[in-house]
Amino acid sequence: MTSVLVVQPSDLDPLGPLADWLLDAGAEIHLVRAGQEPIPASLDGYQAVVCLGGEMGAYDDAEHPWLKDVRALLAHAVARRVPVLGICLGGQLLAAATGGQVRPGEAGPEVGTLLVAKRDAAAQDPLFGPMPMTPDVLQYHSDEIATLPGGATLLASSPKYPNQAFRVGDNAYGLQFHIETTPELVQRWAEHSPEEAAFAPRGHLEYEHLVERHQDLAEVWQPFTERFVKLASGELSAAAPGRRLPLV
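Residues numbered from 1 in each chain as written. Predicted model: local features only at pLDDT ≥ 70, side-chain atom pairs only at ≥ 80, totals over all residues. Heavy atoms only, no water.

**Brief notes about the overall build of the protein chain**
Then, in step 1: Secondary structure summary: the protein chain contains six helices and twelve strands in total.
Then, in step 2: A compact globule built from 248 residues would reach a C-alpha radius of gyration of about 18 Å, and the protein chain, at 16 Å, matches this within 12%.
Then, in step 3: The C-alpha extent of the protein chain, read off along each of the three principal axes, is 45 × 40 × 35 Å.
Then, in step 4: Counting every position in the protein chain, which comprises 248 residues, the buried fraction comes to 56%.
Then, in step 5: Carbon and sulfur atoms make up 50% of the accessible area of the protein chain, which amounts to about 10,500 Å² in all. (Helix = DSSP H or I, 4+ residues; strand = E, 2+ residues; numbered from the N terminus. Rg over C-alpha atoms; globule rule 2.2 N^0.38 Å. Buried < 20%, exposed > 50% of the residue type's maximum accessible area, 1.4 Å probe, protein only. Areas by Shrake-Rupley, 256 points an atom, 1.4 Å probe, with all protein chains shown as cover.)

**Some points on the sheet that holds strand 1 (residues 2-8)**
Then, in step 1: Taken together, eight strands build an open sheet; the order of strands is 2-1-3-4-12-11-10-7 and the sheet is mixed. With one partner strand each, in any of the chains shown, strand 2 (27-33) and strand 7 (117-118) form the two edges of the open sheet.
Then, in step 2: The pairing of strand 4 (residues 84-87) with strand 12 (residues 172-175) spans four bridges and is classified as parallel. For Leu-85, the partnering residue across the bridge sits in strand 12 and is Tyr-173.
Then, in step 3: Sheet strands in contact with helix 3 (residues 89-97) are strand 3 (48-51), strand 4, strand 11 (165-168) and strand 12, and its direction is about 120 degrees off that of strand 4. (Pairing = 2+ DSSP bridges. Contact = heavy atoms within 4.5 Å. Axes fitted to C-alpha atoms, helices over the stretch in contact; angles between N-to-C directions.)

**Here's the deal with the layout of surface pockets**
Then, in step 1: Here the largest pocket defines a volume of roughly 380 Å³.
Then, in step 2: Taken together, 20 residues make up the lining of the largest pocket; nearest its centre are Gly-54, Glu-55, Met-56, Tyr-140 and Glu-196.
Then, in step 3: Taken together, the elements giving at least two residues each to the lining of the largest pocket come down to helix 3, strand 8 (136-141) and helix 4 (183-192). (1 Å grid on protein atoms, 1.4 Å probe; cavity = no way out; pocket = protein on both sides within 12 Å on 5 of 7 lines; lining within 4 Å. Points joined across faces, edges and corners; volume = space filled by probe spheres on them.)

Pasting the structure below:
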């Protein structure tokens, strides 16, 4: 079994179908609920880290003092070359932990069942290479990764916010979007934050539409998750790193 540490920053963003995808790929999940349990200081015994999303900002340490511990854990993972998958807030925390910059999105919230476009570098990436050129994603964020960490590789972009997916070093991945949602969860978010939900294109948050698009999401992101577990287990070779790693 491949031991995966999952950090869940918020009750509003559980693992959802990502749990099944990880388990089906041969992962053993160790879930830590940030703010309710201590964030591990060491990655001994773990072969990968997944950090989920949440409604807080990447630097909201005053209200959520455990955020600094999550950033330290992610920086530690990069330094030790432990594979990382950061999703939405998790991706923002990975960027912040390794020298990037996160800020409120200047173009406003990005919400809906949208597409991102792979960049040229994604063709040589072990996780993104096999994906379609414009994979389906679920967007629901108001902050943006404004600046990538030094030496990071940009893997996917959207017209509204360019830094949608990136890799730090050879095996730490940040996603600005969501892959772990269900239709019910997205509708719960819309009820919880109607101001952000108002930015979604017409019909994107309707239940029937969400059911259909989540089937598309699973077709793309379940195989991606399988490749991530293979990367963590050593069955899949990591990408060639950039010329330099960020300071951590």
